[in-house]
Amino acid sequence: MDHPRFSTLPRLLQNQQFVRFGIAIDTAAEWRWLALLAVALWPTWWWMGQRMVDGSDDPLGVLALAALGALVWQHRLRLRAAPRLGFQVAALAGAVLTTALHAQLPDLLVALVGLLSLALGLLAFLPAQVATAPVLGLSVLSLPLLASLQFYAGFPLRVVTAEASRWLLSVAHTVERSGSSLVVDGQLIIVDAPCSGVQMVWLGYFTACVVALVVGRTNRSFLLRLPVVSALVLVGNVLRNTVLVAFQASGAPLPAWGHEAVGLVVLALVCAGIAWAMAVTPSTPSHTTR
Amino acid sequence: MKLRVEGLDVYDVEPRNLPDLLAQRPVIVFGKWRGEAKGKLILEGNSADGPMQQAMEISANTGADTAALRHLWARHRIASLSDQESLVGNDSYSKAITELGLKYSLLTQYTSFLAVDQVVRNLAPQDSASVNQPSPLPQGVENTALGAEVPSTPEPATWGAIAVTLSVLAMLATRRRRARNHHLTS
């Protein structure tokens, strides 16, 4: 006698409506899946929108979301007819988990789960040549991260920046560091929160993810280059800070537009360096490391 | 010393126990009564010359203008309760103190005053004249004591940073496109 569990499936397969439902699920257009996934995450979008509108975080996350959108658009003609089941199941489980965790965990963690599930949903339909790590990276960067990064990583970054600047400036000036402040030739110059370089960190990793996707980096190749990104950002922020402090200490402080110009030039150099580091060797797409 | 009241129903007498009376000092007692104001206050004690007694008749005409006494009684009561609360070391008397403060409009450790000025004196602040008021610092005090602005090295504005990053990425894309075209045509 057959076990009831095994005898149910043939009986179901004889049901035409069930079979039609299965076919409909299997052949559903990819945009439907993605749209349903996006709709299921509406509390996350609502929260992210509020964070952006009320000014509690910078709107940089929109840039990462736009990059994900552009990625899907770029591959729109090569999207998989049938999704990769592993990614698809993980994405749906992530969406369910996001809903279950809503109001149970901090909103940022819930949104992290939600955006990772969205990224997995995208990866389920994207061609296998698209590496997963940069896509997941962009989904993490979509979060309203900057304020939290500033809170947790801001002070260590400021101290490291101030100490490196002290070391560089000591060639020509008498410099002391106290916490994240510098006393240069008796003049107090603070390395406060807006000087921490957190914004440059975000833009640096964003550049890295985008360039990695454009040049077709593999996961391994992308991850191995990430330390270079961190180093370039840190060096860039130290350089920016040192130049500005040097002008201040020399008795010819730069006007506000001069601060902006120095910051933008250094940022451009850092982004160019990161782009070069990510694209320096011709990519050789591999199917084994996705 | 002891205070005895005859012919009058008194309650909430403060202080509950009279302290020793020193020379040239008054005896101050607060309390409430019910019914008609009549009777006698009798103060008894022992002096250096032996037992003494002093009596004071109460009549309806005694102290007609005594509105302030209500607040004096409440203040004394609050002080006693506060002392007791400090002695016990918890806030077990906070409710009683708060009720007295609210009922008699008195400042206590649990009640405070909120003054709301209903009259707007300066109807157009923006039209006010600005005046540079000299404020010389004491000798030896530097300008930094005033919290003057300290220079810092902030990052560039977000929108400018986004524009620069996107420009770098656009340049990269352009270079790649040119390189690909060159590769195809060569």
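These lines cover the structure that appears in this document, whether it is placed above or below.

Rules and cut-offs
Residues numbered from 1 in each chain as written. Chains lettered and ligands numbered in written order. Predicted model: local features only at pLDDT ≥ 70, side-chain atom pairs only at ≥ 80, totals over all residues. Heavy atoms only, no water. Helix = DSSP H or I, 4+ residues; strand = E, 2+ residues; numbered from the N terminus. Buried < 20%, exposed > 50% of the residue type's maximum accessible area, 1.4 Å probe, protein only. Areas by Shrake-Rupley, 256 points an atom, 1.4 Å probe, with all protein chains shown as cover. Contact = heavy atoms within 4.5 Å. Pairing = 2+ DSSP bridges. Axes fitted to C-alpha atoms, helices over the stretch in contact; angles between N-to-C directions. Arc of directions from axis to C-beta. Parallel < 35°, antiparallel > 145°, perpendicular 65-115°, else oblique. Nonpolar A, V, L, I, M, F, W, Y, C, P; charged D, E, K, R; others polar. Salt bridge = Lys/Arg side-chain N within 4 Å of Asp/Glu carboxyl O. Core = buried A, V, L, I, M, F, W, Y, C linked by side-chain atoms within 4.5 Å. Phe/Tyr/Trp six-rings, centres within 6.5 Å; stacked < 30°, edge-to-face > 60°. Lys NZ or Arg CZ within 6 Å of the ring centre and 35° of its normal. Buried area = accessible area lost by both parts, 1.4 Å probe. Polar contact = N/O pair within 3.5 Å; in protein donor to acceptor, adjacent residues only side chain to side chain.

**Quick word on the overall build of chain B**
Along its length, chain B carries three helices and five strands. Listing the helices and strands of chain B from first to last along the sequence gives β-β-β-β-β-α-α-α. In chain B, which comprises 186 residues, the proportion classed as buried is 21%. For chain B, the accessible surface area stands at approximately 14,800 Å², while carbon and sulfur atoms represent 53% of it.

**Regarding the overall build of chain A**
The helix and strand tally for chain A stands at 12 helices and three strands. Here chain A holds 290 residues, and 43% of them are scored as buried. Across chain A, the fraction of contacts at a sequence separation of at least 24, relative to all contacts at a separation of at least 6, is 75%.

**Here we look at the sheet that holds strand S5 (residues 50-58) of chain B**
Residues and elements named next belong to chain B. Reading across the sheet, the three strands line up as S1-S4-S5 and stay open at both edges, with antiparallel pairing between neighbours. The strands lining the two open edges of the sheet, one partner per strand, are strand S1 (2-6) and S5. Sheet twist, expressed as the mean angle between neighbouring strand axes with direction ignored, is 20°. Summarising the sheet, strand S4 (residues 39-47) and S5 pair through nine bridges and their orientation is antiparallel. The residue bridging glycine 39 from the neighbouring strand is isoleucine 58, located in S5.

**Here we look at unusual backbone geometry**
All names here are of chain B. The peptide bond linking glutamate 14 to proline 15 adopts the cis configuration, its omega dihedral lying at -10°. Among the structural elements, proline 15 can be located in the loop between strand S2 (9-14) and strand S3 (30-34). Positive phi, normally seen in glycine, also occurs at glutamine 24, with a value near 65°. Note that glutamine 24 resides in the loop between S2 and S3. Looking at glutamine 24, the relative accessible area reads 79%, which means it is exposed.

**Points about the sheet that holds strand S3 (residues 187-190) of chain A**
Residue and element names in this part refer to chain A. Spatial strand order, S1-S2-S3: three strands in an open sheet with antiparallel pairing. In this open sheet, the two edge strands, each paired with only one partner strand, are strand S1 (175-178) and S3. Each strand axis lies, on average, 25° off the axis of its neighbour in the sheet, ignoring direction. Pairing of S1 with strand S2 (residues 181-184) involves four bridges; the strand directions are antiparallel. Along S2, the bridge assignment pairs valine 175 with valine 184. The strands touched by helix H9 (residues 146-169) are S1 and S2; relative to S1, the strand with the most contacts, the crossing angle is about 170°. Here helix H11 (residues 219-249) sits on the sheet in contact with S2 and S3, set at roughly 155° to S3.

**What to know about helix H3 (residues 30-40) of chain A**
All names here are of chain A. Turning to H3, its buried residues number three or more, namely Trp33, Leu34 and Leu37. Buried positions in H3, seen along its axis, are confined to an arc of 95° and lie on one side of it. Of the residues in H3, the exposed ones pointing more than 90 degrees away from the buried face are Trp31, Leu36 and Val39. Each element contacted by the buried residues of H3 is listed here: helix H2 (16-26), helix H6 (85-101) and helix H7 (107-125).

**Examining the packing of H3(A) against H7(A)**
All names here are of chain A. Running from N to C, H3 and H7 cross one another at 175°; their axes reach a closest spacing of 10 Å. The orientation of H3 with respect to H7, classified from their angle, is roughly antiparallel. Where H3 approaches H7, its residues Glu30, Trp33, Leu34 and Leu37 are matched on the opposing element by Ser117, Leu118, Gly121, Leu122 and Phe125. Within the contact of H3 with H7, the residues separate by chemical class into six nonpolar, two polar and one charged.

**Topic: the pattern of salt bridges**
Opposite charge on two side chains permits them to pair, given that their charged atoms come into close proximity. Residues and elements named next belong to chain B. If you walk through the whole model with that rule in mind, you get nine salt bridges over all chains. Arginine 4 is the partner of glutamate 6 in a salt bridge, and the nearest nitrogen-oxygen pair spans 2.5 Å. By relative accessible area, which is 35% here, glutamate 6 ends up partly exposed. The shortest N-O distance in the salt bridge between glutamate 44 and arginine 4 comes to 2.8 Å. With a gap of 40 residues between them, glutamate 44 in strand S4 and arginine 4 in strand S1 connect regions that are remote in the sequence.

**What about the nonpolar core?**
Residues and elements named next belong to chain A. Counting residues in each nonpolar core, the largest one holds 66 residues, and the members touching the most others are Val135, Leu138, Trp202, Phe206, Phe222 and Met278. When residues of this core are assigned to their parent elements, the largest contribution, 12 residues, is made by helix H10 (residues 198-215). Look past the residues within four positions of methionine 278 in its chain and what remains in contact with it is Ala208, Val211, Ala212, Val215, Arg217, Phe222, Arg225, Leu226 and Val229. One finds Ala162, Leu182, Val184 and Ile189 within the second-largest nonpolar core, a separate group that totals 10 residues.

**Examining the packing of aromatic side chains**
In total, this model carries three aromatic pairs over all chains according to the counting rule given. The ring of B:Tyr11 is capped by B:Arg34, whose NZ or CZ atom sits 4.0 Å from the centre of that ring.

**Things to note about the side chain of A:Gln88**
By secondary structure assignment, the location of A:Gln88 is in helix H6. With sequence-adjacent residues up to four places away left out, A:Gln88 is seen in contact with A:Trp33, A:Pro83, A:Ala124 and A:Phe125.

**What to know about the interface of chain A and chain B**
In this complex, chain A contributes 36 residues to the contact, which on the side of chain B involves 20 residues. Taken together, the two surfaces of chain A and chain B that pack against each other cover about 2,400 Å², and 70% of this comes from carbon and sulfur. Sorting the residues of chain A by area buried against chain B places A:Gln199, A:Glu260 and A:Leu264 first, and these three jointly supply 20% of that buried surface. Inspection of the chain A/chain B interface yields zero salt bridges. Scanning the region where chain A abuts chain B turns up 12 residue pairs in polar contact (both at pLDDT 80 or more). Counting residues per element, the ones that place at least two in the side of chain A that touches chain B are helix H5 (60-74), S3, H10, H11 and helix H12 (256-279) of chain A. No other element matches the 10 residues that H10(A) contributes to the side of chain A that touches chain B.

The values reported here are purely geometric and, on their own, carry no functional implication.
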